Amino acid sequence: MPEDLPQGYYLENFNYLFDFVGTHYADILNEREKNYLSGFSELSDNAQKLYVRLAGRRGPWFRLDKLNYVEISDIAAAVNELIAAAYLSPIESLQEPENLLKLMTKSELISWFEGANKRLSRQALDQWLIEKVLPQTLLSSVPFQIVEPIGLDILQILKLLFFGNPYQDFTEFVLRDLGITPFEKYQLDSAGRFFDARSVLDTTINQYALNDTAMDLIEQGDAQSLRQWLPSLLQFSFDEATTVRRHHRLLNRIAREFERFNDINFAQEIYLHSSLEPSRERQVRIMTKQGEIPSALNLCEDIHQNPQSEAESEFALAFATRIAKQHKVYCDWIPLSAAVPIVNFDISVKPDADQRVEVLARDWFIQQGGQAYYVENALLPGLFGLYFWDVIFTEIKGVFFNPFQRGPSDLFTPSFVERRRDKINKKLFFMIDLVNEQEVNRCITDCFKRKFGLANHFVNWSWLNADVIEIALLKIPKHDLASIFRRLLSDLKNNRSGFPDLIVFPEAGSYELIEVKGPGDKLQQNQIRWFNYFQQQGLPARVVSVSWQQADVQGDEKMQLKTDIETGLVVGDTRVE
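One structure accompanies this document, and this report is about it. Bear in mind the structure is a predicted one, so any value in this text is a computation, not a measurement.

## Remarks on the sheet that holds strand 2 (residues 88-90)
So, point 1. Spatially, 1-3-2 is the arrangement adopted by the three strands of the open sheet, whose pairing is antiparallel. At either margin of the open sheet sits one strand with a lone partner, and together these are strand 1 (62-63) and strand 2.

## Digging into the pairing of strand 8 (residues 541-548)
So, point 1. As paired strands, strand 4 (residues 344-349) and strand 8 are joined by six bridges and run parallel to one another. Residue D346 lies in a different strand from strand 8, and its bridge partner there is S545.
So, point 2. One ladder, built from five bridges, connects strand 7 (residues 512-517) with strand 8; its direction is parallel. Pairing of K517 across the sheet is with S545, part of strand 8.
So, point 3. Where the polypeptide runs from strand 7 across helix 27 (residues 525-537) and back to strand 8, its parallel neighbour, the crossover connection is right-handed.

## Some remarks on the pairing of strand 3 (residues 146-149)
So, point 1. Pairing between strand 1 and strand 3: two bridges, direction antiparallel. Note on strand 3: the bridge partner recorded for F62 is V147.
So, point 2. Across three bridges, strand 2 lies against strand 3 in antiparallel orientation. Looking across to strand 3, one finds that S89 is bridged to E148.

## Describing the pattern of salt bridges
So, point 1. Scanning the entire structure with this criterion turns up 29 salt bridges.
So, point 2. A salt bridge links D410 to R420; the shortest N-O distance between them is 3.0 Å. Highlighted residues: D410 in the loop between helix 20 (389-392) and helix 21 (415-419) and R420 in the loop between helix 21 and helix 22 (421-432), separated in sequence by ten residues.
So, point 3. The exposure class of R420 is buried, given its relative accessible area of 2%.
So, point 4. In this structure, the salt-bridge partner of K517 is E515, at a minimum N-O distance of 3.2 Å.

## Quick notes on the nonpolar core
When a protein is soluble and globular, its nonpolar side chains tend to lie buried together.
So, point 1. If you look at the biggest cluster of nonpolar residues, it comprises 110 residues, and the most contacted ones within it are L50, L158, L161, L383, F388 and F485.
So, point 2. In terms of nonpolar packing, the next biggest core, distinct from the first, is built from 19 residues, L217, L233, L251 and I270 among them.

## Some words on the sheet that holds strand 7
Across a sheet, strands are paired by hydrogen bonds formed along the backbone, either parallel or antiparallel in direction.
So, point 1. Taken together, five strands build an open sheet; the order of strands is 4-8-7-6-5 and the sheet is mixed. The outermost strands of the open sheet, each flanked by one partner alone, are strand 4 and strand 5 (371-374). Between one strand axis and the next, the sheet turns by 30° as a mean value, whatever way the strands run.

## Side note on the packing of helix 19 (residues 379-387) against helix 24 (residues 466-475)
So, point 1. Two numbers describe how helix 19 lies on helix 24: the axes approach to 11 Å, and their chain directions differ by 85°. In this view, helix 19 runs roughly perpendicular relative to helix 24, as classed from their interaxial angle. For the pair helix 19 and helix 24, contact is made by L379, L383 and L386 and by V468, I469, A472 and L473, respectively.
So, point 2. Its residues placed into classes, the contact of helix 19 with helix 24 shows seven nonpolar, no polar and no charged.

## Quick look at the environment of R227
So, point 1. Position of R227 among the secondary structure elements: in helix 12 (residues 223-234).
So, point 2. A residue is classified by how much of its surface remains accessible, and R227, at 40% relative accessible area, is partly exposed.
So, point 3. Sequence separation of R227 and P166 is 61 residues, and the distance between their C-alpha atoms is 26 Å.

## As for the state of the cysteines
So, point 1. For the structure shown, the criterion picks out zero disulfides.
So, point 2. C443 takes part in no disulfide bond, and the closest cysteine sulfur, belonging to C447, lies 6.5 Å away.
So, point 3. For C443, a relative accessible area of 24% translates into the label partly exposed.
So, point 4. With relative accessibility at 2%, the residue C447 sits in the buried group.

## Focus: helix 18 (residues 357-367)
So, point 1. All of the buried residues in helix 18 are V357, E358, V359, L360, A361 and F365.
So, point 2. In the segment just after helix 18, G369 is the residue with positive phi, at about 105°.

## As for the packing of aromatic side chains
So, point 1. Inspection of the entire model under this criterion finds 52 aromatic pairs.
So, point 2. Ring geometry for F14 versus F18: centroids 4.5 Å apart, planes at 45°, classification tilted. Here the residue F14 and the residue F18 both occupy positions in helix 1 (residues 9-24), the gap between them amounting to four residues, near one helical turn. The residues F14 and F18 share a single accessibility class, namely buried.

Conventions we followed
- Residues numbered from 1 in each chain as written.
- Predicted model: local features only at pLDDT ≥ 70, side-chain atom pairs only at ≥ 80, totals over all residues.
- Heavy atoms only, no water.
- Pairing = 2+ DSSP bridges.
- Helix = DSSP H or I, 4+ residues; strand = E, 2+ residues; numbered from the N terminus.
- Right-handed = clockwise from strand over helix to strand, strands pointing away.
- Salt bridge = Lys/Arg side-chain N within 4 Å of Asp/Glu carboxyl O.
- Buried < 20%, exposed > 50% of the residue type's maximum accessible area, 1.4 Å probe, protein only.
- Core = buried A, V, L, I, M, F, W, Y, C linked by side-chain atoms within 4.5 Å.
- Axes fitted to C-alpha atoms, helices over the stretch in contact; angles between N-to-C directions.
- Parallel < 35°, antiparallel > 145°, perpendicular 65-115°, else oblique.
- Contact = heavy atoms within 4.5 Å.
- Nonpolar A, V, L, I, M, F, W, Y, C, P; charged D, E, K, R; others polar.
- Disulfide = S-S within 2.5 Å.
- Phe/Tyr/Trp six-rings, centres within 6.5 Å; stacked < 30°, edge-to-face > 60°.

Okay, structure coming up:
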């Protein structure tokens, strides 16, 4: 138990979740789930604490002689109460002896079972017991009682209702209570919930179960079983936007796996069922492999004219240009203008195996005069998150449904901007009016102070500080910031990454965005898109290629190895050629 939390904190969090779900989702809970909630509230404090303790541990079985919690005064009485209330079940029959053996040490097995050979490995000893001792005899021969919590499947449903996903759990409460990840406060009421109908909840539960099955088959590399199982996935139809996206994402994952199985025809069939990126890109690539060049080019044109994202449009244009040239096909929709090259310049620094190449480049700029900061991907998205904080956390029906959200549920969907367009435009227009410059600065700096540490998808507090924010607001023209924010808003999911590593403020004034590339490193596609945008908008941005000063051969080799590891050219002790 964390030292800074009060004894029994876990029960308080558990009851909060139960009360919240019981209040907000009473109309879509079934009788079994309602009885589970009401029955738990009638248990004694000790029984509740023991159930929560066991529900939070890896089971499914527990030895009663090993249960020891200082805050539970009478564990035996709590066990009997939970059994009587059907929240705990004594194990009286055995179907999976492996679960029982996991509860015992090797020395216990040797002492309790006649004929057990202590020279056997633990794995061999377990196998001997399973083969030579009847499963029921295993259970009757141990000198302790075993119990299993009941209703954990219902608990998973309640957590899904509360968090809106199966990935968050009671750890969120602990992080909040310890002050590690505090969250913004926003109004929660019966209208603000993730699931509006039982049908949507059941569909979501089925989807996650299907996803788990698919991932198991993929992990096993069993193409035949995956192919035979796929119709059970395709028989489902989905109407709600979130479930449709989740369904298509899984189809893309399965289709990609069949590409890896080299069954591209079947992969193509699966991709046709998905409208989510990168389904159309993969179809184009498969068509090209199959020699269906006209079809591939037609689909590229359709993607280019109706892209789901900037990245998809960029792919369609670049890929179509290449295959049209290879196959000598004229496409009148492909523009003839060449891309403007990204501004690049070289610097040479002394290698230091203990420092990242970005830090060495930052120090080089400082030596030239002025100021430079290594901000990774934090400064510009952070300024965006601070300036639009009130917009991000605007209370709209259905987007905030639990106290542990880093933003609204629609944040990374097109509806985020659509539903808040007036507020967003008002803030952008306010920003570019020079009369409001000081007020904009005050808005951001005040938000930094008031909201410091609160969870926000765009604000990485470990990278931001008051000094870099102050100089950035002083040196970066608000028109430039507004321009960057507009592109962010055009696709918040994909455009929040790819920003340059450094921001430099020369002595002469203004600012410059610098992406640092060490030997063997190159720009990623999302970085290229940002640099193309910077150039189109006339924003000062360059790529710096770093080379090492030839002072110490051994030191250079260490530095090159560090760079190779960072860029993925070295895995463990093996260099990837």
